[in-house]
Amino acid sequence: MKSVIRTTAGGPEVLQLVERPVPEPGPREVRVRMHVSGVNPTDWRSRRRALPPGMIEEVPHQDGAGVIDAVGPQVDLARVGKRVWIWEAAWERPWGTAQQYTLVPDRHAVDLPDHASFELGAALGIPALTAHRTHADSS
């Protein structure tokens, strides 16, 4: 599969397109075939910082949308084939959404209705939560 990775801190110049094997989900994880990867300010700001301890590379981007194509142990098999939006994919994990397939904890893959576009789904993570909290704080 195609993945965008970074191995160091910096601007867009640190991003590399590489080939990686398709990952297998572990316990309580789902694998999502990505349709849209969302980019938001937390993504490019975090790229300026060093990788977390113990990580040698990271696939960026927290948010996205796609279809679950595999589930790990302790996840309902009925989730396979579900359209989902993803939040905090790369939070303290090496697997962001800037790749063809990603792994996320089951609870980070939220059902996306058929009438909602994948583009909308990719905007429902950090951007929508920020907008909601900004509105709630101003009330």
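Analysis parameters
- Residues numbered from 1 in each chain as written.
- Predicted model: local features only at pLDDT ≥ 70, side-chain atom pairs only at ≥ 80, totals over all residues.
- Heavy atoms only, no water.
- Helix = DSSP H or I, 4+ residues; strand = E, 2+ residues; numbered from the N terminus.
- Buried < 20%, exposed > 50% of the residue type's maximum accessible area, 1.4 Å probe, protein only.
- Contact = heavy atoms within 4.5 Å.
- Salt bridge = Lys/Arg side-chain N within 4 Å of Asp/Glu carboxyl O.
- Polar contact = N/O pair within 3.5 Å; in protein donor to acceptor, adjacent residues only side chain to side chain.
- Core = buried A, V, L, I, M, F, W, Y, C linked by side-chain atoms within 4.5 Å.

Caption draft 1: Seen up close, the side chain of Thr97. In this fold, Thr97 is placed in the loop between β5 (83-86) and β6 (101-105). The class for Thr97 is buried, based on a relative accessible area of 1%. In contact with Thr97, other than residues within four places in its own chain, are Met34, Ser37, Gly38, Val59, Pro60, His61, Gln62, Asp63, Gly64, Ile86, Ala89 and Thr102.

Caption draft 2: Broad picture of the pattern of salt bridges. A complete count under the given rule lists 8 salt bridges for this structure. Ionic pairing is found between Arg31 and Glu24, a salt bridge with its closest N-O pair at 3.2 Å. Classification of Arg31 as buried rests on a relative accessible area of 10%. The residue Arg31 makes a salt bridge to Asp69 at a minimum N-O spacing of 2.9 Å. One end of the pair, Arg31, is in strand β3 (residues 29-38); the other, Asp69, is in strand β4 (residues 63-71), and 38 residues separate them in sequence. One salt-bridge network, in which partners are shared between bridges, spans Glu24, Arg31 and Asp69.

Caption draft 3: Summary view of the side chain of Arg79. Among the structural elements, Arg79 can be located in the loop between β4 and β5. From its side chain, Arg79 meets the backbone oxygen of Ala109 in a polar contact 2.7 Å long.

Caption draft 4: Fine view of the nonpolar core. By size, the foremost hydrophobic cluster in this structure holds 11 residues: Val30, Val32, Met34, Ile68, Val71, Val75, Val84, Ile86, Ala89, Val104 and Ala109. Per-element tally for this core: the top contributor is β3, with 3 residues. If we skip the residues at most four places from it in the chain, Ala109 touches Val30, Ile68, Arg79, Val84, Trp85 and Val104. Membership of the second largest hydrophobic core comes to 7 residues, among which are Ala65, Trp85, Phe118 and Ala122.

Nothing here speaks to function; it is geometry throughout.
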